[in-house]
Every structure is written in structure tokens, then in C-alpha cells.
Amino acid sequence: MNVYRPLFLAIFVALLIPLQGNAYVAKYKEDYYRLYHVHYAQAPDDCIENIYWLEQAVKADFCNPLYADAKIETKAQWEKYRFLYQMHLNLKLIEQHLRLARTYDKRAAYFYDAPWKDEYLRNLEKAKTCYEAGYYYWQEAQLWAEKGSVSQYNFLYITDLQNWEDERERITTGELDYKKTLDRELQRLNKVIDELVAMEDKNY
């Protein structure tokens, strides 16, 4: 047994030594945005996590232009880059709130839903809160898109962020309008709520 004692002692000491790992410290806007990700099948917790990271990104400072998510060579590019970034973050926040709302939403009310109408109504209120939050982010996205679309940027494009440039252009022309989407979803949802409230408590 004495022969194995040094081996056991070495294993015991090795277990006490903490493993060295590479920690990812999020400090700048770009860091937090990299933590945002979309799962194939997104559960409510995934949406809430993404909303948290995107909110942190909105509030955080930008990193040095040298480490930006696009090639920046002039002050004008740097300025437009920041406008596009803020616009894009707010668009992603709308998308995540829409995804979260749809996990609680009930697309229609059926006569046989009466026994569970209270539970449905609680979930619909959660969905309604998510849809309504989208209006704030849409106003913010429009504001940043407008700042990135002033005449001094007419021939200045951040080519590394072409899809964000496309989003800005679609907002400017009205092709992308989340207000219409939110209005439509809330109008339908309120109709479902009214139909559920009007139901009699019956068992089917």
C-alpha cells in the first residue's frame, strides 16, 4: 500500500490545482454582439439570453477603430459604422422580442380552449408585452438609420457590413417597416384576447 501512496498523493494535489482556461471578457459593443447567437430551435431562455447580450451591446462603448468589425480608414467611415451598428442592434432586439412573443402567443381562439383560457390569457399578456417593447427598438433603429443616411454619406459605404447597409436602405425607403408587423400582430393578439375573455367556462 505504501507503494501507491505517492501516486494517490500526486493525483490528490493535481485535483486541487485549478485548471487554466481562456476567459472571454466582454467590454466593448463588438464583444457583446459576438455573444449573440440564434439557435435552430430557439427556446424562451435563448431569446432572453440574446436580448440581454444585445442590450449590453447597445449600452457599451465601441472598441478602437483598429479592432472594429469592419475596415475603418476615415473619421467619416467610423461615424457611419457606429450609426449602422446601433441600428442593427436595435433591429436584432426587435427580432428577438418577436421570437419570444411567438413562444407565448396563441394564433387563434377555439371554442374548446375555454377550460384553459386563464392560462392562455396569462401567456398572451406576456406576448403582448414583447410586441409592445418592439416599438421602442423600432424608433431607435429608424433614428440611427436616418443618421446613417444623411447626404454626406451618399457615396460612402461600409462594404464589410453590406447587409447592414441594405437594412439601412430598406428602412429609409419604407421597404422594412417593423411598425406594420407589430401593429398587425397586436391587432390579431387583442382579438384573440377578447374572444377568450368572452368564452364561458365549459369543459369539452
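For clarity, every value in this text was computed on a predicted model and none was experimentally measured.

Caption draft 1: The arrangement of the packing of helix α3 (residues 44–59) against helix α4 (residues 75–104) in detail. Where α3 contacts α4, the axes come no closer than 9 Å and their chain directions differ by 160°. As far as their axial angle goes, α4 and α3 are roughly antiparallel. By crossing handedness, the relation of α3 to α4 is classed as left-handed. Taking contact as the criterion, the partners of Pro44, Asp46, Cys47, Ile48, Asn50, Ile51, Leu54, Glu55, Ala57 and Val58 in α3 are, on α4, Gln86, Leu89, Lys92, Leu93, Gln96, His97, Arg99, Leu100, Thr103 and Tyr104. For the contact of α3 with α4, the per-class residue count stands at 11 nonpolar, 5 polar and 4 charged.

Caption draft 2: Up close: a nonpolar patch on the surface. Taken together, Tyr110, Phe111 and Tyr112 make up a surface patch of nonpolar side chains, about 340 Å² in accessible area. Residue position: Phe111 is located in the loop between α4 and α5 (117–147).

Caption draft 3: Focus on the side chain of Lys80. Position of Lys80 among the secondary structure elements: in helix α4. Overall, the relative accessible area of 0% leaves Lys80 in the buried class. Of note is the side chain of Lys80, whose polar atom sits 3.1 Å from the side chain of Glu165. What Lys80 contacts, discounting residues up to four positions off in sequence, is Gly148, Tyr153, Leu156, Tyr157, Ile158, Glu165 and Arg168.

Caption draft 4: Quick peek at the nonpolar core. Tyr81, Met87, Leu91 and Tyr131 are the most contacted members of the largest nonpolar core, which has 52 residues in total. Broken down by element, the residue count for this core peaks at 13 residues, all from α4. Among all residues touching Tyr131, those that are not within four sequence positions of it are Leu98, Ala101, Arg102, Asp105, Arg107, Leu182, Glu185, Leu186, Arg188 and Leu189.

Caption draft 5: Region of the structure containing the pattern of salt bridges. Evaluation of the coordinates by the stated rule reveals 16 salt bridges. We note a salt bridge from Lys92 to Glu95, for which the minimum N-O separation is 3.1 Å. One end of the pair is Lys92 and the other is Glu95, both in helix α4 and 3 residues apart, which spans about a single turn. Judged by its relative accessible area of 23%, Glu95 falls in the partly exposed class. Taking the shortest distance from any N to any O, the salt bridge between Arg107 and Asp105 comes out at 3.7 Å. Its relative accessible area of 48% is what places Arg107 among the partly exposed residues.

What counts and what doesn't
Residues numbered from 1 in each chain as written. Predicted model: local features only at pLDDT ≥ 70, side-chain atom pairs only at ≥ 80, totals over all residues. Heavy atoms only, no water. Axes fitted to C-alpha atoms, helices over the stretch in contact; angles between N-to-C directions. Helix = DSSP H or I, 4+ residues; strand = E, 2+ residues; numbered from the N terminus. Parallel < 35°, antiparallel > 145°, perpendicular 65-115°, else oblique. Left-handed = near helix turned anticlockwise from the far one by under 90°. Contact = heavy atoms within 4.5 Å. Nonpolar A, V, L, I, M, F, W, Y, C, P; charged D, E, K, R; others polar. Patch = residues over 30% accessible without salt bridge, like charges linked within 9 Å, V, L, I, M, F, W, Y side chains within 5 Å. Areas by Shrake-Rupley, 256 points an atom, 1.4 Å probe, with all protein chains shown as cover. Salt bridge = Lys/Arg side-chain N within 4 Å of Asp/Glu carboxyl O. Buried < 20%, exposed > 50% of the residue type's maximum accessible area, 1.4 Å probe, protein only. Polar contact = N/O pair within 3.5 Å; in protein donor to acceptor, adjacent residues only side chain to side chain. Core = buried A, V, L, I, M, F, W, Y, C linked by side-chain atoms within 4.5 Å.

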